[in-house]
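A look at the structure
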Amino acid sequence: MHINLDNFNNIVSLFIHQVSELKDKPYLWTKGKEKYESISWNETKDQVTAIAKGLINLGILKGDRVAIISENRPEWQIADLAIMSIGAITVPAYTTSTQKDYEYILNHCEARCLIVSSEILAKKAIPAASNSSKCKNIILIDDLSKDNKQSVSVLYWKDLLKENTNNNIDLNENTKDISRKDTACIIYTSGTGGNPKGVMLSHGSMLHNCAGAQEL
């Protein structure tokens, strides 16, 4: 199915269009104990809007940076879409980076929130956030085995989904003011040649890549 990508102003509007077309068909997959399980387009949208509402409740505004430290898993994509859906900017970081690198990235981009997947990564990410200037909220996808005593607010992914399931935002309305020129994400280099360098990518540049891939 060919899509005219010139009709979309941002990545999230493209996602919303695909949800309307594909609905209950599988979109994301995750491996359970014995087999892979799918998450439909509609289910993904519900989770995106719930996490977006949670970010709004934390005071995240358009243009604010939200970092993600996570392996390749459905929550990564859901978090990315949720961040962009409120006009905020996604800042992904390598799972192999050091605590020092995380601290540098969080301070350099002035991230106001951090989403972390596992307890292993949280052991590096939480101290980094504690030493950052503006990142005072962490959302953990997996549970910690014990209470954390750091000087940051720790929230849990599952709680945000539960609290905001019936109080979602309107993605169509929320994305109207997000243009192709707006920054969608800031991707940092690995830092092997000094401090990580951040590259700003706009919604338009990402849509242009989609158009190129579709043509190929």
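Scope of this entry: the structure provided in the associated data block.

With that settled, the discussion passes to the nonpolar core. Counting residues in each nonpolar core, the largest one holds 39 residues, and the members touching the most others are I51, L55, I115 and W157. The set of elements that each furnish at least two residues to this core consists of α1 (11-22), α2 (41-57), β3 (65-69), α3 (74-85), β5 (113-116) and α6 (157-164). Residues within four places of L55 in sequence aside, it is in contact with I60, A82, I83, I86, C113 and I139. In this structure, A93, L106, V116 and Y188 belong to the second largest nonpolar core, which totals 25 residues.

Moving on: the side chain of S40. On the secondary structure map, S40 appears in strand β2 (residues 36-40). Judged by relative accessible area, S40 falls into the buried class, the value being 6%. Residue contacts for S40: discarding those within four places in its chain leaves K23, D24, K25, P26 and Y27.

Moving on to the pattern of salt bridges. Summed over the entire model, instances satisfying the criterion amount to 9 salt bridges. Its salt-bridge partner being E71, residue R73 comes within 3.8 Å of it at the nearest N-O pair. K134 is the partner of E110 in a salt bridge, and the nearest nitrogen-oxygen pair spans 3.6 Å. Placement of E110 in the loop between α4 (99-109) and β5 and of K134 in the loop between α5 (119-130) and β6 (137-140) is noted, with a sequence separation of 24 residues between them.

A separate point is the packing of aromatic side chains. Using the criterion set out here, one finds 3 aromatic pairs in the structure. An angle of 40° between the planes, with centres 6.1 Å apart, marks the rings of F15 and Y27 as tilted. Here F15, found in helix α1, pairs with Y27, found in strand β1 (residues 26-31); they are 12 residues apart in sequence, far enough to count as distant. We classify F15 as buried; its relative accessible area is 5%.

What follows deals with the packing of α2 against α3. Between α2 and α3, whose axes approach to 8 Å, the crossing angle comes to 55°. Considered as vectors, α2 and α3 are oriented oblique to each other. In this structure, the crossing between α2 and α3 has a hand that is right-handed. Here T44, Q47, V48, I51, A52 and L55 of α2 lie close against α3, whose contacting residues are I78, L81, A82, I83 and S85.

In the Ramachandran plot, K23 falls in the positive-phi region, its phi being about 45° despite a non-glycine side chain. Tracing the chain through its elements places K23 in the loop between α1 and β1. Overall, K23 belongs to the partly exposed group, its relative accessible area being 46%. Positioned with a positive phi, E110 is a non-glycine residue whose angle comes to about 55°.

The rules we used
- Residues numbered from 1 in each chain as written.
- Predicted model: local features only at pLDDT ≥ 70, side-chain atom pairs only at ≥ 80, totals over all residues.
- Heavy atoms only, no water.
- Core = buried A, V, L, I, M, F, W, Y, C linked by side-chain atoms within 4.5 Å.
- Buried < 20%, exposed > 50% of the residue type's maximum accessible area, 1.4 Å probe, protein only.
- Helix = DSSP H or I, 4+ residues; strand = E, 2+ residues; numbered from the N terminus.
- Contact = heavy atoms within 4.5 Å.
- Salt bridge = Lys/Arg side-chain N within 4 Å of Asp/Glu carboxyl O.
- Phe/Tyr/Trp six-rings, centres within 6.5 Å; stacked < 30°, edge-to-face > 60°.
- Axes fitted to C-alpha atoms, helices over the stretch in contact; angles between N-to-C directions.
- Parallel < 35°, antiparallel > 145°, perpendicular 65-115°, else oblique.
- Left-handed = near helix turned anticlockwise from the far one by under 90°.

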